[in-house]
Amino acid sequence: MTVTPRIRVLYVGSDADFESAVASDIDTETEVVRKRQTVSGELDELSDGSFDCVVCDSELPEDDWTAVHRAVQETAPATPFVLLAYDDSVVSSALDAGITEYVLVNSDPEPYITAARRISHAAERYRATNGSANDEWGQSLLAETTDTICVVDDGGTIQYVSPSANRLFDGAGRDLKGETIESIVHPDDTERVREAFETVLASPDRAVTVQFRTRCGDGERNWVECRARNRISNPDIGGVVVTLTDISEHKHRERELRRFRAVIEQAGHAIYITDTDGTIEYVNPAFEESTGYSYEEAVGDCPNILNSGEHSSEYYASLWDTILSGNVWKGEVINERKDGHRYVIEQTIAPVEDAEGNIDRFVAINTDITQRKAYEQKLEQYEQIIENLPVGVFRTTPGESGEFVEVNATLVSMYDAYSKSELLDRNVSDFYADTDDRTAFSRRLCEEGSITGLEVEQETLAGERLQVSLTAMKTEEDGDVYFDGVLQDITERKRRERELERKNEQLEQFASIVTHDLRNPLNVAQSRLEIIEQRCESEEFGENVAIIDEQLVRMEELIEDVLAIARHGKRVEETEPMDLGALVESCWQTVETAEAEIIVDTDLTVEVDTSRAQQLFENLFRNAIEHGGRDVTVRVDTLPDGFYVEDDGPGIDPAERGSVFEHGFTTNESGTGFGLSIVQEIVDAHGWDINATAGTRGGARFEITGLDTDHE
């Protein structure tokens, strides 16, 4: 039975984890003896060859590594010396001093694994070169070692190659003897290898390390690390000892790490990595940009620098319980930037395991969703508004039947449904009293793209008929066509319209009666009165006739006013833009004005029903002459949003100004009490406002406002 000897390593340094970490990564049973402080008196046992390798930190608390190296050289010069370099600047001088290997601790992603590999290789070479070439154990060791050992003469020809070369060169290792060292090097790396070989020939005391790709017969390429030492002066060797270590897997990991690093560096998400205690080890540029903390400020600190205070300690305790148990945590977190502004992130934290399956660190990926959350909040507000609108809101599919896609609560109530789902299970056409109306609506909306105020009759689930007004538009979303719109219940409005129409018909009938039953007798009376006036010459009789004539005229005016109210009321026919000044002048000519004077000072153009506007001005002018006298002066002028009509008569008692527009109100015994009431009706019909007040010269002033006016 072949027994593989144990590797003994002397470690001089202060890393408490080094012993266990390195020993576990070396395939062969390994004993690491650690010396923490000075080297004085600690290296005596090196002389008997009891250690296979010496490992030393480049930074020691009480000595420097050069003292340890000198002591090893003096005591056991053949013992491999591996330097754990914490600063790149010491590497060059260390190689010049003749160290065997080095590990860049801070820049190597897996320093313990690299150190273990190089210690193992150095120890194997040490044992192989310090044993008998004919020794069975030594040959077995050379065959089983993972490294390939070659001896190359000063001309670059391979004089010896260890049996383990067969693994590196796919069974062709034994054929390398007699070949040049460059024959196994990939053409792109030949120059680099040639320079390294020249360096090792020129510096016998210096170990040279170079990495290159091999050139194999089947075209495959392996990455190897080549360590060369000049042993030409050693008569037992007589050449350069070259050790080739297959680092293809290591190179693959390096490429993956570089690719991973590049992806992280360019990622739009903020990413940071922590150890298992939560200390930040790395942050990417997106983290710096989103948080305001620089790389230097964040690394070495913990994620608590972003704590906004919005979450409880139990929240974070649950987070830690999740990731420490090996599970991925996902959630939303409110963080605080360096400048104090808060933002919302969607965070994913995943544990990262080492080769043995132990949690080694955590990686957190943060997506800033502040704007999305604000949008969602606004969307929720809009949805609440839509849900509580007093009109039905819907989205349906097109077509003669149509299907409900979305509805609000008001529509559910209007259709007497129990829930939204009840509507979503029905066709839209089910609610039309006449399905042809749905067909016409769908076709028209597809053709025109929008419909406003279409009135149709519908029917609820309870069988109740509804008069509704539909306003909708055709929309497209993700390639699908929908009808989006609102539905207003106008059943009550239509009932009022029918009632108003009935009353208007009654008024029309009343107007016809007034016209036939009152005007005809009045005309007869006026005709007879004219005959009497022509035949009667008595002065007293003439006075009585004048009184009768005056009363008949008043009756005629009453009839005209009543007819105006009955036939027009609050209705406005078609409107047109009119020059207000010209309209006023025209109306003044139709009124008996005697010695009265009109002053028109306006350049307004107003949108009016001309015949109704004429009635308005004629009634205002008659009112001014009736109360201000036959020589009254009337003025029409402009207001910011309308115009006014005023006179210089006695004016209106302030206590009566609120009553002058009532039917039948008059302060003149000969007045009908309808003139200003008709004015009020016409103003209301146009959507304007009227106010009675005092004029600039103490008379009555009527201000009419709320107009859409244009100034010339």
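Source: prediction; values computed, not measured. (Residues numbered from 1 in each chain as written. Predicted model: local features only at pLDDT ≥ 70, side-chain atom pairs only at ≥ 80, totals over all residues. Heavy atoms only, no water.)

Topic: the pattern of salt bridges
Tallying each qualifying case throughout the model produces 37 salt bridges. Notably, a salt bridge pairs Glu455 with Arg493, separated by 2.8 Å at the nearest N-O pair. Placement of the pair is Glu455 in strand β18 (residues 450-459) and Arg493 in helix α16 (residues 491-535), with a sequence separation of 38 residues. Assessed through its relative accessible area of 40%, Glu455 is described here as partly exposed. Judged by its relative accessible area of 33%, Arg493 falls in the partly exposed class. (Salt bridge = Lys/Arg side-chain N within 4 Å of Asp/Glu carboxyl O. Helix = DSSP H or I, 4+ residues; strand = E, 2+ residues; numbered from the N terminus. Buried < 20%, exposed > 50% of the residue type's maximum accessible area, 1.4 Å probe, protein only.)

Focus: the environment of Glu400
Within the secondary structure, Glu400 is located in the loop between β16 (392-396) and β17 (404-407). Here the alpha-carbon distance between Glu400 and Ser429, two residues 29 residues apart in the chain, equals 7.1 Å. The residues contacting Glu400, other than those within four sequence positions of it, are Ser429, Arg438, Thr439, Ser442 and Arg443. (Contact = heavy atoms within 4.5 Å.)

Notes on the sheet that holds strand β12 (residues 280-283)
Strand order in the open sheet formed by five strands is β12-β11-β15-β14-β13, with antiparallel pairing between adjacent strands. The open sheet terminates on both sides in strands that have one partner only, identified here as β12 and β13 (329-336). Taking each pair of neighbouring strands and ignoring which way they run, the sheet shows an average axis angle of 30 degrees. Judged from the nine bridges that link them, strand β14 (residues 342-353) and strand β15 (residues 359-368) form a sheet pairing that is antiparallel. (Pairing = 2+ DSSP bridges. Axes fitted to C-alpha atoms, helices over the stretch in contact; angles between N-to-C directions.)

Topic: a nonpolar patch on the surface
Side chains of Tyr375, Leu379, Tyr382 and Ile385 sit close together on the surface and give an oily, nonpolar patch of about 440 Å² of accessible area. Tracing the sequence through the fold places Ile385 in helix α12 (residues 370-387). (Patch = residues over 30% accessible without salt bridge, like charges linked within 9 Å, V, L, I, M, F, W, Y side chains within 5 Å. Areas by Shrake-Rupley, 256 points an atom, 1.4 Å probe, with all protein chains shown as cover.)

A few points about unusual backbone geometry
You will see that Asp416, though not glycine, has its phi angle at about 60 degrees, which is positive. Examined against the element boundaries, Asp416 turns out to sit in the loop between α13 (409-414) and α14 (420-424). The backbone of Asp478 shows a phi angle near 55 degrees, a positive value even though the residue is not glycine. Tracing the chain through its elements places Asp478 in the loop between β19 (465-477) and β20 (480-489).

Section: the packing of helix α18 (residues 580-589) against helix α19 (residues 610-628)
Orientation of α18 relative to α19, taken along the N-to-C sense of each, is 60 degrees, at an axis distance of 9 Å. When the interaxial angle is binned, α18 and α19 end up oblique. Crossing angle aside, the handedness with which α18 passes α19 is right-handed. Residues Leu580, Leu583, Val584, Cys587 and Trp588 of α18 touch α19, and the partners they reach there are Thr610, Ala613, Gln614, Phe617, Glu618 and Phe621. Class assignment of the residues belonging to the contact of α18 with α19 gives a composition of eight nonpolar, two polar and one charged. (Parallel < 35°, antiparallel > 145°, perpendicular 65-115°, else oblique. Left-handed = near helix turned anticlockwise from the far one by under 90°. Nonpolar A, V, L, I, M, F, W, Y, C, P; charged D, E, K, R; others polar.)

What about helix α8 (residues 248-266)?
With 19 residues, α8 should reach 27 Å at 1.5 Å per residue; the first-to-last C-alpha distance of 27 Å fits that figure. Among the residues making up α8, those that are buried are Ser248, His250, Lys251 and Ile264. (Expected span 1.5 Å × (residues − 1).)

Observations concerning the pairing of strand β10 (residues 239-246)
Among the eight residues of β10, seven are classified as buried, and the element is accordingly described as predominantly covered. Here strand β6 (residues 148-152) runs beside β10; their pairing, made up of five bridges, is antiparallel. Pairing of Val152 across the sheet is with Val240, part of β10. As paired elements, strand β9 (residues 223-231) and β10 share eight bridges and run antiparallel to each other. The residue bridging Asn230 from the neighbouring strand is Val240, located in β10.

Here's the deal with the sheet that holds β9
In spatial order, the strands read β7-β6-β10-β9-β8; together these five strands make up an open sheet with antiparallel pairing. Of all the strands in the sheet, just β7 (158-161) and β8 (208-213) have a single pairing partner and so form its edges. Taken pair by pair, the neighbouring strands of this sheet meet at an average axis angle of 25 degrees, ignoring direction. Sheet strands touched by helix α7 (residues 190-202): β6, β8, β9 and β10. Its angle to β8, the strand with the most contacts, is close to 160 degrees.

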